[in-house]
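# Structural characterization, general
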Amino acid sequence: LASRCAAQECKLGWISKVYVNPPAVVRHAEQIQKWRTVKGNWQAAWLLKAVTCIDLTTLSAKHPIREDLLKAMDMHDKGITVAAVCVYPARVTDAVNALKAAGCNIPVASVAAGFPSGQTPLETKLAEIKLAVQYGAREIDIVISRSLVLSGQWEGLYEEIRQCREACGEAHMKTILATGELGSLANVYKASMIAMMAGSDFIKTSTGKEVENATLPVGVVMMRAIKEFYWQTGFKVGFKPAGGIRTAKEAITWLMLVKEELGVEWLKPELFRLGASSLLEDIEKQIFHHVTGSYALQHDLAMA
C-alpha cells in the first residue's frame with residue numbers, strides 16, 4: 001500500500017486539468033435507462049447476484065432469501081448470503097457476536113470517520129476508525145470532508161484519505177464521496193481518483209443521507225475513473241452505489257452498467273457492492289413471483 005500511495009503523489013498535479021463532458025454523460029445515462037431488462041431465469045440469476053453484493057443494515061444476512069424459494073431454483077446450497085452487515089461503530093461488537101453465534105463468516109462493515117457529515121476533526125475520525133477495527137469490523141466505510149473538494153484542496157483530501165487508510169490496518173476501506181454534495185461531475189471524477197490514489201479499496205457514491213444519492217451519471221463517471229486508475233496502475237478498485245436504490249429493476253440496471261463499463265470481473269462482492277436497506281424486500285418479492293407465479297401477500301415474506 002505504501003508503494004502504491006507513494007507512486008501516486010507525483011500525479012496529483014494533473015487532477016486540476018481534468019474535464020468531464022456533462023451533457024455526454026447524461027445522454028449516456030439516459031440510454032442506460034432504456035436498456036431492455038432481463039426476464040425469467042436470467043432475471044432471477046441477476047437478482048441473486050445482486051443479493052450477494054448487498055451491504056445490509058439488518059441481520060437478515062445469513063438467510064436473505066426464503067429457503068424454500070432457493071430450493072425451488074436449486075440454489076439452496078450455493079451459499080447465497082449478502083456481502084456484509086453494515087452498522088455504526090458502537091454496534092460492531094454486537095453484530096460480530098450475533099453473526100458468530102449464527103455460525104456465519106459474513107464480515108461486519110462499519111461506517112466511520114464522522115459519518116454521515118464528515119464534520120469532525122481528523123483526529124476524531126482516525127480514532128473512530130481504529131476503534132471500529134478493534135471491535136471486529138473487517139470493512140470500514142469512511143466519509144470525506146466535502147469542503148476539501150469544493151475548495152480544490154486535492155493534496156489535503158489525499159492526505160486525509162491516506163491517513164484513514166493507514167488507520168484501517170488490515171480492514172478494507174470504502175471511501176464515501178457524497179457525490180450529490182460535490183458540485184460537479186468533474187469534482188466527482190477528481191475525488192474518485194484522489195481516493196484511489198490514497199489507497200481506497202472501494203469508492204462509494206453516497207452516505208444515503210444526502211438529498212441526491214446514487215445516480216447513473218455519477219456512476220458512469222466513477223466507473224470511468226476506476227477503469228482509468230486500473231489502466232494506469234494495475235490495481236482494481238471496487239465500486240459501491242448507495243442510497244435510493246430500492247427496486248429489483250434498479251439493482252439490475254446497476255449490475256448491467258458495471259458489466260458494460262468495467263467488465264464481468266467486477267461483478268463480485270470483492271469489487272462491487274450495493275448499499276441499500278430496503279432493496280432486499282423487493283428482490284425477494286420478485287423471486288417469489290418467479291418461483292410461484294403469483295405476487296406475495298404481506299405475511300408471505302419477512303419485514304425488511
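All figures in this text were calculated on a predicted structure; none of them were measured in a lab.

We now examine the pairing of strand β4 (residues 139–143). For β4, a buried count of five out of five residues is recorded, marking the element as mostly surrounded by other parts of the structure. Burial along β4 is two-sided: Glu139, Asp141 and Val143 and Ile140 and Ile142, pointing in opposite directions, are all buried. The pairing of strand β3 (residues 108–111) with β4 spans three bridges and is classified as parallel. In the strand pairing of β4, alanine 109 is matched with glutamate 139.

As a further point, take the packing of aromatic side chains. Applying the stated rule across the entire model yields four aromatic pairs. Plain terms: the ring middles of tyrosine 230 and tryptophan 266 are 5.7 Å apart, the flat faces sit at 85° to each other, and that makes the pair edge-to-face. One end of the pair, tyrosine 230, is in helix α10 (residues 216–233); the other, tryptophan 266, is in the loop between α11 (248–261) and β8 (274–275), with 36 residues separating them in the sequence. Seen in terms of ring centroids, phenylalanine 239 and tryptophan 254 are 5.9 Å apart; in terms of plane orientation they differ by 40°. Their pairing is tilted. Residue phenylalanine 239 is located in strand β7 (residues 238–240), and its partner tryptophan 254 is located in helix α11; the two are separated by 15 residues in the primary sequence. For tryptophan 254, a relative accessible area of 4% puts it in the buried group. Taken together, the aromatic side chains of Phe239, Trp254 and Phe272 make up a single cluster linked through ring pairs. Taking the ring centre of tryptophan 266 as reference, the NZ or CZ of lysine 236 above it sits at 5.6 Å.

Let us look at the sheet that holds strand β2 (residues 84–87). Spatially, β7-β6-β5-β4-β3-β2-β1-β8 is the arrangement adopted by the eight strands of the open sheet, whose pairing is parallel. Because the sheet does not close on itself, it has two edges, and the strands there are β7 and β8.

Our focus in this paragraph is the packing of helix α3 (residues 40–51) against α11. Where α3 meets α11, the closest approach of the two axes is 10 Å, and the angle between their N-to-C directions is 85°. By the angle class used here, α3 and α11 are roughly perpendicular. Residues Gln43, Trp46, Leu47, Lys49 and Ala50 of α3 form the contact with α11, whose participating residues are Ala248, Ala251, Ile252, Leu255, Met256 and Lys259. Class assignment for the residues of the contact of α3 with α11 results in eight nonpolar, one polar and two charged.

Along the chain, lysine 174 falls in strand β5 (residues 172–176). Given a relative accessible area of 2%, lysine 174 falls into the buried group. Separated by 2.9 Å, the side chains of lysine 174 and aspartate 141 make a polar contact. Every residue in contact with lysine 174, bar those within four places of it in the chain, is listed here: Asp55, Ala109, Glu139, Ile140, Asp141, Ile142, Phe202, Lys240 and Arg273.

Moving on: unusual backbone geometry. Backbone torsion omega between phenylalanine 115 and proline 116 reads 0°, so that peptide bond is classified as cis. Relative to the helices and strands, proline 116 resides in the loop between β3 and α6 (122–135). Its identity is not glycine, yet alanine 113 carries a phi of approximately 65°, on the positive side. Structurally, alanine 113 is set in the loop between β3 and α6. A positive phi angle, close to 50°, is found at alanine 178, a residue other than glycine. Tracing the backbone shows alanine 178 in the loop between β5 and α9 (185–197). What makes alanine 178 buried here is its relative accessible area of 0%.

Relative to the elements of secondary structure, alanine 102 occurs in the loop between α5 (92–101) and β3. Along the primary structure alanine 102 and arginine 246 are separated by 144 residues, whereas in three dimensions their C-alpha atoms are 27 Å apart.

This brings us to the pattern of salt bridges. In this structure the tally under the stated criterion is 19 salt bridges. The salt bridge partner of glutamate 160 is lysine 125, with a shortest N-O separation of 3.4 Å. Residue glutamate 160 is found in helix α8 (residues 154–168), and its partner lysine 125 is found in helix α6; the two are separated by 35 residues along the sequence. Glutamate 159 is the partner of arginine 162 in a salt bridge, and the nearest nitrogen-oxygen pair spans 2.6 Å. Of the two residues, arginine 162 and glutamate 159 both sit in helix α8, three residues apart, roughly one turn of that helix. A relative accessible area of 22% means that arginine 162 is categorised as partly exposed. Within this structure, Asp55, Glu139, Asp141, Lys174, Lys204, Lys240 and Arg273 form a network of salt bridges that share partners.

Quick notes on the rules
- Residues numbered from 1 in each chain as written.
- Predicted model: local features only at pLDDT ≥ 70, side-chain atom pairs only at ≥ 80, totals over all residues.
- Heavy atoms only, no water.
- Buried < 20%, exposed > 50% of the residue type's maximum accessible area, 1.4 Å probe, protein only.
- Helix = DSSP H or I, 4+ residues; strand = E, 2+ residues; numbered from the N terminus.
- Pairing = 2+ DSSP bridges.
- Phe/Tyr/Trp six-rings, centres within 6.5 Å; stacked < 30°, edge-to-face > 60°.
- Lys NZ or Arg CZ within 6 Å of the ring centre and 35° of its normal.
- Axes fitted to C-alpha atoms, helices over the stretch in contact; angles between N-to-C directions.
- Parallel < 35°, antiparallel > 145°, perpendicular 65-115°, else oblique.
- Contact = heavy atoms within 4.5 Å.
- Nonpolar A, V, L, I, M, F, W, Y, C, P; charged D, E, K, R; others polar.
- Polar contact = N/O pair within 3.5 Å; in protein donor to acceptor, adjacent residues only side chain to side chain.
- Salt bridge = Lys/Arg side-chain N within 4 Å of Asp/Glu carboxyl O.

Purely geometric stuff here, so don't read any function into it on its own.
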